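In case you want the letters, here they are:
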Amino acid sequence: MAANNGYLGVTPPISTNESSVREKEVTDTLMDELRRQGTFESEEEAKTREIVLGRVAALVKKFVRRVSITRGLSEAAANAAGGKIFTYGSYRLGVHGPGSDIDTLCVVPKHVSREDFFDVFEDMLKETEGVTEASGVPDAYVPLIKAKISGIPLDLVMARLALSAIPDDLSLQDDNLLRNLDERCVRSLNGSRVTDEILRLVPNVTVFRDSLRCIKLWAQRRAIYSNVNGFLGGVAWAMLVARICQLYPNAIAGAIVSRFFIIIYQWSWPQPVLLKQIEDGPLPVRVWNPKLYPADRAHRMPIITPAYPSMCATHNVSASTQMIMTEEFKKGSEIVDRVIIGKASWSELFSKHDFFHKYRYYLQVIASTGSQELQTKWAGTVESRIRQLVMKLEYVDSLTLAHPFIKGFEQVSYCLSDEEVRAVAQGDISEAIAKRKKEEIEGKEGASAVYSTTFYIGLAIEPRQPGAVGPRKLDISYPTTEFTKLVKMWEKYDDATMGIVVRHIRSTALPDYVFDEGERQPRSGQKRPKTSKNVDKSNNTSPDMPNKKRRASNSVSESLATAPLPAQPFKAAQNGVASAAAIPSPTTLTAAPSSNGIYTSNVKDPSQIKSPQLPFGENVAVATSAGAQ
């Protein structure tokens with residue numbers, strides 16, 4: 001689908017040349033490596049997915065018919081009411097891997113309600129042969145049913161259109177279908193509409209898929225694939241790759257991947273990445289517009305969805321996560337450069353991240369409860385707010401970076417006493433507790449299981465200034481205390497059953513579970529400090545930290561002050577306030593943007609970047625010219 005001006009996208013291509021012989025060779029080796037890395041599913045699994053989707057499509061029609069009859073429709077009208085499924089996300093884009101779920105949208109007519117979806121359809125799913133899981137999450141931002149059919153996981157969402165029947169040839173491309181829908185239905189439809197629009201806006205779908213499969217694997221391995229933690233999610237990565245495909249319409253995957261790293265590294269953020277011009281539509285809803293909305297102007301790396309209503313898919317990006325991703329783009333570019341000249345292999349691009357080797361200090365954020373079901377909700381709530389903690393940490397003097405890890409580590413600990421429960425909730429899991437099995441606590445009075453999820457944030461501290469003497473101090477008690485207050489504001493928070501602890505640890509005290517087998521470097525003659533001695537349980541200060549109130553300081557400390565630990569199994573300190581904590585005056589990490597135009601760059605000036613560079617004759621400024629705004 002070429003635009004009226006003869007090209008796809010908001011600017012002309014950088015180059016319309018065919019790929020070179022060498023680029024074709026490295027594309028072949030890239031595809032071989034992606035197969036070796038296990039990113040493609042087997043033919044058998046692909047067939048199973050098609051069969052499962054066929055069964056779900058039939059079940060949706062049956063569900064609509066059943067509800068239609070109960071609403072008093074005639075047999076003929078109930079049969080004609082229809083119902084249709086659409087896939088979206090990685091499956092629809094064609095970049096899913098083995099075992100990945102299928103995002104599935106169920107479109108139903110106006111007389112079928114959301115309650116019917118979670119009552120009638122969920123029960124019908126449970127009764128279907130081959131279904132091993134089916135559980136509704138009606139309170140989610142996009143309400144869904146999680147299911148597993150014949151071993152294939154599915155996330156099913158629903159949209160009710162203002163139509164009396166859903167025809168088999170229905171297309172969701174018409175913006176008018178969004179009229180008179182509630183917000184949840186618009187959100188449900190948006191996933192499918194965005195995915196389809198991305199596929200319509202790339203010049204060659206096969207090249208796009210091969211390139212995206214590579215970038216997706218790279219981002220996962222480098223631990224920068226997570227929308228909730230302030231990095232980019234699947235849709236944002238897809239839109240970035242799609243934009244590079246538009247700029248090189250005749251290139252193949254190896255060339256696209258090479259240009260991807262160079263161009264995105266040099267991108268003039270916060271200039272937005274657009275696949276097409278932003279359009280108005282029939283709804284009274286907000287469309288992304290930094291000229292109108294200050295919140296949109298604050299987006300650091302805006303990547304804008306192409307389907308109406310256009311939204312920013314990257315509003316979670318912070319100063320720290322932007323710095324981390326920019327550095328990874330540069331590293332990726334250097335590796336691909338060496339691959340093209342034959343001095344490196346593609347496997348180097350997919351090497352594992354070094355997050356747990358990178359920093360001297362880490363923050364542990366530990367969410368804990370006494371039941372699996374409650375833990376899923378509580379840990380999810382805490383995780384969704386970690387980026388707020390990262391943004392608060394960015395204002396601390398002498399902290400140059402707060403680096404969130406993209407997933408939490410789940411543990412179940414079987415405790416024999418309240419004292420053990422308290423210790424586990426504070427992150428102190430002794431060897432005895434770690435080895436204890438469920439059977440060992442059954443029937444014992446006072447025994448219980450503690451479910452905990454631990455999230456990590458790496459802390460980069462400013463280097464010591466030349467000539468500086470004496471101990472350095474870094475006080476992060478204010479952001480950590482504010483964070484604990486924030487998570488406790490959750491409407492379902494219960495002080496008696498949920499625990500939240502934020503504490504710092506040295507890299508030497510990181511638990512073994514964060515490393516792969518054999519990954520941990522032996523610590524030369526240095527014993528790993530025992531957690532019980534390493535952290536003061538009463539106020540979570542390290543042993544060499546004075547327990548009295550100190551003056552606020554702009555200097556940095558070898559030891560860090562954080563917020564207090566809970567004194568009861570799942571209770572944090574009174575009101576979450578650190579009585580012995582000095583509060584530093586907030587200082588931002590980045591200079592305030594100047595007022596020269598809407599899109600002021602907040603990273604280094606691209607014109608002064610010497611490396612990496614596009615091949616001779618290709619100009620990145622084409623993609624970021626005024627026409628792209």
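Rules behind the numbers
Residues numbered from 1 in each chain as written. Predicted model: local features only at pLDDT ≥ 70, side-chain atom pairs only at ≥ 80, totals over all residues. Heavy atoms only, no water. Helix = DSSP H or I, 4+ residues; strand = E, 2+ residues; numbered from the N terminus. Areas by Shrake-Rupley, 256 points an atom, 1.4 Å probe, with all protein chains shown as cover. Expected span 1.5 Å × (residues − 1). Buried < 20%, exposed > 50% of the residue type's maximum accessible area, 1.4 Å probe, protein only. Salt bridge = Lys/Arg side-chain N within 4 Å of Asp/Glu carboxyl O. UniProt positions renumbered as here; feature names shortened; annotations may be inferred. Contact = heavy atoms within 4.5 Å. Core = buried A, V, L, I, M, F, W, Y, C linked by side-chain atoms within 4.5 Å. pLDDT = per-residue confidence, 0-100. Pairing = 2+ DSSP bridges. Axes fitted to C-alpha atoms, helices over the stretch in contact; angles between N-to-C directions. Polar contact = N/O pair within 3.5 Å; in protein donor to acceptor, adjacent residues only side chain to side chain. Phe/Tyr/Trp six-rings, centres within 6.5 Å; stacked < 30°, edge-to-face > 60°. Lys NZ or Arg CZ within 6 Å of the ring centre and 35° of its normal. Patch = residues over 30% accessible without salt bridge, like charges linked within 9 Å, V, L, I, M, F, W, Y side chains within 5 Å. Lys, Arg positive; Asp, Glu negative; His and termini not counted. Charge placed at Lys NZ, Arg CZ, Asp CG, Glu CD.

## Overview of the overall build of the protein
Phase 1: Secondary structure assignment for the protein yields 17 helices and 12 strands.
Phase 2: With the model as given, the accessible surface of the protein reaches about 28800 Å², and the carbon-plus-sulfur share is 50%.

## So, helix α16 (residues 477-488)
Phase 1: Look at α16: 17 Å from first C-alpha to last across 12 residues, which is about the 16 Å you get at 1.5 Å a residue.
Phase 2: All of the buried residues along α16 are S477, P479, T480, T481, F483, T484, V487 and K488.

## Section: the pattern of salt bridges
Phase 1: Applying the stated criterion to the full structure yields 30 salt bridges.
Phase 2: The residue R49 makes a salt bridge to E41 at a minimum N-O spacing of 2.6 Å. For the pair R49 and E41, one class covers both residues: buried.
Phase 3: A salt bridge links R338 to E348; the nearest nitrogen and oxygen atoms lie 3.3 Å apart. Here E348 lies in the loop between α11 (319-340) and α12 (355-358) and R338 lies in helix α11, a separation of 10 residues in the sequence.
Phase 4: On the basis of relative accessibility, which here comes to 33%, the residue R338 falls in the partly exposed class.
Phase 5: A cluster of three or more residues bridged by salt bridges with shared partners is formed by E197, R200, K276 and E279.

## Considerations on the UniProt feature "binding site: ATP" (unreviewed entry) in the protein
Phase 1: Per the UniProt record, "binding site: ATP" (unreviewed entry) is annotated on D101, I102, D103, D155, K216, Y225, G234 and V235.
Phase 2: Relative to the helices and strands, Y225 resides in the loop between α7 (205-221) and α8 (234-247).
Phase 3: Ignoring anything within four residues of it in the chain, the contact list for Y225 reads K216, A219, Q220, F231, L232, G233, G234, W237 and I406.
Phase 4: Locating G234 in the fold gives a position in helix α8.
Phase 5: The partly exposed category is assigned to G234, whose relative accessible area is 30%.

## Describing the nonpolar core
Phase 1: If you look at the biggest cluster of nonpolar residues, it comprises 84 residues, and the most contacted ones within it are F208, W218, W237, F260, F329, F356 and Y456.
Phase 2: At the level of secondary structure, the elements contributing two or more residues to this core comprise α1 (21-36), α6 (183-200), α7, α8, α9 (253-266), α11, α12 and β9 (448-461).
Phase 3: Setting aside chain neighbours within four positions, we find W237 in contact with L212, I215, W218, A219, I224, Y225, L232, F260 and F329.

## Observations regarding the confidence of the model for the protein
Detailed conclusions should not be drawn from predicted coordinates in areas where pLDDT is low.
Phase 1: Counting all residues, the mean pLDDT for the protein is 85, and 84% of those residues have values of 70 or more.
Phase 2: Below a pLDDT of 50 lies the segment residues 524-559, which in the model reaches 81 contacts outside its immediate sequence neighbourhood of four places, other chains included.
Phase 3: Scored below 50 in pLDDT, residues 563-569 makes 30 contacts in the model with residues more than four places away or belonging to other chains.

## Considerations on the sheet that holds strand β2 (residues 102-108)
Phase 1: Here we have 5 strands laid out as an open sheet, ordered β1-β2-β5-β4-β3, and mixed in their pairing. Each end of this open sheet is capped by a strand with a single partner; those strands are β1 (84-88) and β3 (131-137). On average, each strand axis in the sheet is tilted by 25° relative to the strand beside it, whichever way the strands run.
Phase 2: Here 6 bridges tie strand β4 (residues 144-149) to strand β5 (residues 152-160), and the two strands are oriented antiparallel to one another. Looking at the pairing, L144 lines up with V157 of β5.
Phase 3: Sheet strands in contact with helix α2 (residues 43-70) are β1, β2, β4 and β5, and its direction is about 35° off that of β5.
Phase 4: Sheet strands in contact with α6 are β1, β2 and β5, and its direction is about 120° off that of β5.

## Points about the side chain of S320
Phase 1: Examined against the element boundaries, S320 turns out to sit in helix α11.
Phase 2: There is a polar contact of 3.0 Å between the side chain of S320 and the backbone nitrogen of A402.

## Regarding the UniProt feature "binding site: Mg(2+) 2" (unreviewed entry) in the protein
Phase 1: Per the UniProt record, "binding site: Mg(2+) 2" (unreviewed entry) is found at D101, D103 and D155. In terms of the greatest pairwise C-alpha distance, the residues named above, spread along 55 residues, form a tight cluster of at most 6.8 Å across.
Phase 2: With respect to the helices and strands, D101 occurs in the loop between α4 (89-93) and β2.
Phase 3: Assessed through its relative accessible area of 27%, D101 is described here as partly exposed.
Phase 4: In this structure D101 touches R49, S90, P153, L154 and D155, once residues within four positions along its chain are discounted.
Phase 5: Summarising the element assignment, D103 is placed in strand β2.
Phase 6: Classification of D103 as buried rests on a relative accessible area of 16%.
Phase 7: Those residues in contact with D103 that lie beyond four places of it in its chain are F86, T87, Y88, G89, S90 and D155.

## A look at the pairing of β9
Phase 1: Counting buried residues along β9, 12 of its 14 residues qualify, which places the element largely inside the surrounding structure.
Phase 2: Alignment of strand β7 (residues 399-404) against β9, held across 5 bridges, turns out to be antiparallel. Bridge pairing links A402 to L459 in β9.
Phase 3: As paired elements, strand β8 (residues 409-415) and β9 share 7 bridges and run antiparallel to each other. Among the inter-strand pairings, Q411 is bridged to a residue of β9, identified as S452.

## Quick notes on the packing of aromatic side chains
Phase 1: Throughout the structure, instances matching the rule amount to 26 aromatic pairs.
Phase 2: Considering the side-chain rings of W267 and W269, the 5.9 Å spacing of their centres and the 45° angle between planes classify their relative orientation as tilted.
Phase 3: Given the relative accessible area of 1%, W269 is considered buried.
Phase 4: Cluster of aromatic residues (ring-pair linked, three or more members): F355, F356, Y359, Y362, F405, F409, Y456, Y513 and F515.
Phase 5: The side chain of R213 reaches across the aromatic face of F40, ending 4.2 Å from its centre.
Phase 6: Residue placement shows R286 over the ring face of Y293; its charged tip is 4.1 Å from the ring centre.

## A few points about a negative patch on the surface
Phase 1: On the surface, a cluster of negative charge is contributed by E115, D119, D123 and E127.
Phase 2: With respect to the element layout, D123 can be found in helix α5 (residues 114-127).
Phase 3: Taking the relative accessible area as the measure of exposure, D123 reaches 42% and is therefore partly exposed.

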